[in-house]
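Descriptive analysis of the structure
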Amino acid sequence: MRMAQKIGVPILAIGLFVAFWEFLVWANGWPDYVMASPSDLPKAYARFWELFLVGSWQTLWRTVAGLGLAVIFGTLLGMIMGFSRIARDGLYPLLVGFNAVPKATLVPVLALLFIGQHNFNTVLMAFLISFFPIAVSVGIGLSTLEPEYRDILRSLGASKVTIFRKIALPKTLPEFFGALKVSVTLAFIGTNLVEIISPHGRGLGALFLSGQTNSNYPLMFAVLIALAVLGILLYYGVVALEKIFAGWAERLQG
Amino acid sequence: MDNLIDIKGVTHAYKTPNGPLPVLDDLNLTVPEGEFAAVVGPSGCGKSTLTRLVAGLMKPDRGEVWLHGELVKSPRKTVGMAFQNPVMLEWRTILQNVILPLEIVAPSMPSADRKARAMELLSLVGLEGFENKRPSELSGGMRQRASLCRAIVHKPDVLIMDEPFGALDAFTREDLWQTMHQLRANEPFTAVLITHDLRESVYLGDQVIVLSGRPATTQFVLDVGYPGEGLRQLDGLYTPQCAEMLATLRDQIRIAQGRQPGPAVH
């Protein structure tokens, strides 16, 4: 019963949303170059399904690769900031400043730096845009560890590595996954940003761009929906990982 | 009997932006093996610093801390600690929490033996059947019981407790006092208890040490002559002997507070 509710309610919500969208287009009598309706989309998918498959795969793997880099780099940076006050004081303004730069401005910079390396540029952007939340939350998680937690093991003569492995690391996992949920969406945006802005791009972003160039509006909307579906898949992938590795942090509800 | 804990002339000051803040001043304290020392004093007088010194988590500016005839220079495996916060690792079950010190102190111990040892203590404190629960599923008193089990699971020479019952309601607190006596009857250990509760210090302690206001020094030591034979009974707290001891301690605390130059800083 609970399971049916868990799956049924979101599906119903999506169905209502699609119906409302269809109604809106129909009621206003919009032609498909103003706004495509859901009933226009199957045609677009049927016609370009091969491009959708290839594009989705390209967008997906580059997002995941960028996010993977962000996890490694962000965690390391977070550890450095979590354990050293000096590093924290030094790095924070730098990171905040970097994070504040609109990433769209970096696309031409990267394109010039690594000319023609489209895959590399895209992964790099996904990484650059998404490591910040991970670094900050790991850093905060480690630096706010209550001293008692450390003292239980330290009083037994445990090494720093042991304390990190047995206490600090698992205790930071809920914060880490919280950040990862933000980062996965950011990485996805980063990938698409490069795909859409840079010429001769690949992936779903490039498909969107070609829809725009060819004034194929149903195709553009079909890409948006595909992006949303991919984003949902990625997000729930992270949620599944969180359940496995930090499921203990979920409060029991009566 | 040997003195298990010997604190000689310990003086310590914390460095703060406003200059050094002296917390301990020529503090002396001895606890014979197997005895239970309860330490009381005005708030903010440096009692917690004392526990960290005995545990070897920090070194005093001057003076020496001896444990079992050895100078304490760094943390040692023969110490158990319990705090006001039970400090349960939420990602482990209660059993895994209790086993934790054994993983550090006795890495080669077979896991079946570890489990048996932990279960022995858990059933002694009445947590049998809860070993596979997560800490978040237990009440505060139960978590604190598990915390006490974890503090002594590796059979430490000395158990150091920093207000372990401070955050519990009065009934749970009295339950845990009795549990404490049962644990010591089961396997004797030396204990240092920091507390704000004078009744607790008299019910649990073999000696009660009153510290002066900050910087703290040993102001008064009371040898507890608890009425009655065998395991101490809570009723004993309401006898004239205990009333007299409590009155003495209360006077000493008042003196300790009077010596304090300003209001206590937390």
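Since we're looking at a predicted model, the values are computed, not measured. (Residues numbered from 1 in each chain as written. Chains lettered and ligands numbered in written order. Predicted model: local features only at pLDDT ≥ 70, side-chain atom pairs only at ≥ 80, totals over all residues. Heavy atoms only, no water.)

**Looking at the interface of chain B and chain A**
Bring the parts together and some accessible area is lost; that lost area is often taken as the interface size. Residue-level contacts link 26 residues of chain B with 18 residues of chain A. Counting the surface lost from both chain B and chain A, the interface buries some 2,000 Å², and carbon and sulfur atoms represent 69% of this. Summed over the shared surface of chain B and chain A, the number is two salt bridges. In this structure, B:R52 engages A:D151 in a salt bridge whose closest nitrogen and oxygen atoms are separated by 2.5 Å. Where chain B touches chain A, the interface holds four residue pairs in polar contact (both at pLDDT 80 or more). At the level of secondary structure, the elements contributing two or more residues to the side of chain B that touches chain A comprise strand 6 (79-83) and helix 2 (94-105) of chain B. At five residues, the largest contribution of residues to the side of chain B that touches chain A is made by helix 2 of chain B. Partitioning the side of chain B that touches chain A into residue classes produces 14 nonpolar, three polar and nine charged. (Contact = heavy atoms within 4.5 Å. Buried area = accessible area lost by both parts, 1.4 Å probe. Salt bridge = Lys/Arg side-chain N within 4 Å of Asp/Glu carboxyl O. Polar contact = N/O pair within 3.5 Å; in protein donor to acceptor, adjacent residues only side chain to side chain. Helix = DSSP H or I, 4+ residues; strand = E, 2+ residues; numbered from the N terminus. Nonpolar A, V, L, I, M, F, W, Y, C, P; charged D, E, K, R; others polar.)

**Section: the nonpolar core**
Counting residues in hydrophobic clusters, the biggest one holds 95 residues, and the most contacted among them are A:F52, A:L153, A:L204, A:V223, B:I5, B:I7 and B:V158. Residue contacts for A:L153: discarding those within four places in its chain leaves A:A158, A:I163, A:K166, A:I167, B:L100 and B:I104. Core analysis: the next-biggest nonpolar cluster, separate from the first, contains 51 residues, B:I152, B:M180, B:L183 and B:L246 among them. (Core = buried A, V, L, I, M, F, W, Y, C linked by side-chain atoms within 4.5 Å. Buried < 20%, exposed > 50% of the residue type's maximum accessible area, 1.4 Å probe, protein only.)

**Overview of the pattern of salt bridges**
One pass over the full model with this rule turns up 15 salt bridges over all chains. Beyond isolated ion pairs, a larger network of salt bridges with shared partners links A:D151, A:R154 and B:R52.

**Some words on the UniProt feature "domain: ABC transmembrane type-1" (unreviewed entry) in chain A**
UniProt records the feature "domain: ABC transmembrane type-1" (unreviewed entry) at residues 56-242 of chain A, using the numbering of this structure. Here residues 56-242 of chain A is 86% helix and 0% strand, with 24 Å between the C-alpha atoms at its ends. (UniProt positions renumbered as here; feature names shortened; annotations may be inferred.)

**Things to note about the pairing of strand 9 (residues 207-211) of chain B**
Residue and element names in this part refer to chain B. In terms of burial, strand 9 is largely enclosed, as five of its five residues are buried. Burial of the side chains of strand 9 extends over both faces: Q207, I209 and L211 are buried on one face and V208 and V210 on the other. Relative to strand 9, strand 3 (residues 36-40) runs parallel, the two being bridged by four bridges. Bridged to V39 within strand 9 is I209. Pairing of strand 9 with strand 10 (residues 218-223), which is carried by five bridges, proceeds in the antiparallel orientation. Bridging across to strand 10, L211 finds its partner in T218. Two successive antiparallel strands, strand 9 and strand 10, enclose a turn made up of six residues. (Pairing = 2+ DSSP bridges.)

**Side note on the domain arrangement of chain B**
Residues and elements named next belong to chain B. Taken domain by domain, chain B holds domain 1 (3-196) and domain 2 (221-261). Placing a centre on the C-alpha atoms of domain 1 and another on those of domain 2 gives a separation of 23 Å. Carbon and sulfur atoms make up 74% of the surface buried where domain 1 meets domain 2, a total of about 760 Å² over both sides. On the domain 1 side of the contact with domain 2, P42, Q178 and H181 bury the most area, a combined 53% of that side's loss. Summed over the shared surface of domain 1 and domain 2, the result is zero salt bridges. At the boundary of domain 1 with domain 2, the tally comes to zero residue pairs in polar contact (both at pLDDT 80 or more). For the side of domain 1 that touches domain 2, the element with the highest residue contribution is helix 5 (residues 170-186), accounting for six residues. Taken together, the residues that form the side of domain 1 that touches domain 2 break down as four nonpolar, five polar and one charged. (Domains from an automatic or database assignment.)

**Section: helix 2 (residues 41-83) of chain A**
For helix 2 of chain A, which comprises 43 residues, the first-to-last C-alpha distance of 52 Å sits more than 12% below the rise-based estimate of 63 Å (1.5 Å per residue). The largest bend in helix 2 of chain A is about 80°, located at A:F48. (Expected span 1.5 Å × (residues − 1). Bend = angle between axes of the 7 residues up to and from the residue.)

**Remarks on the UniProt feature "transmembrane region" (unreviewed entry) in chain A**
Residues and elements named next belong to chain A. The sites that UniProt annotates as "transmembrane region" (unreviewed entry) are residues 7-27, 60-80, 92-116, 122-145, 176-197 and 217-241. Span residues 92-116 is 68% helix and 0% strand, its end C-alpha atoms 33 Å apart. A helix fraction of 100% and a strand fraction of 0% characterise residues 217-241, whose end C-alpha atoms lie 37 Å from each other.

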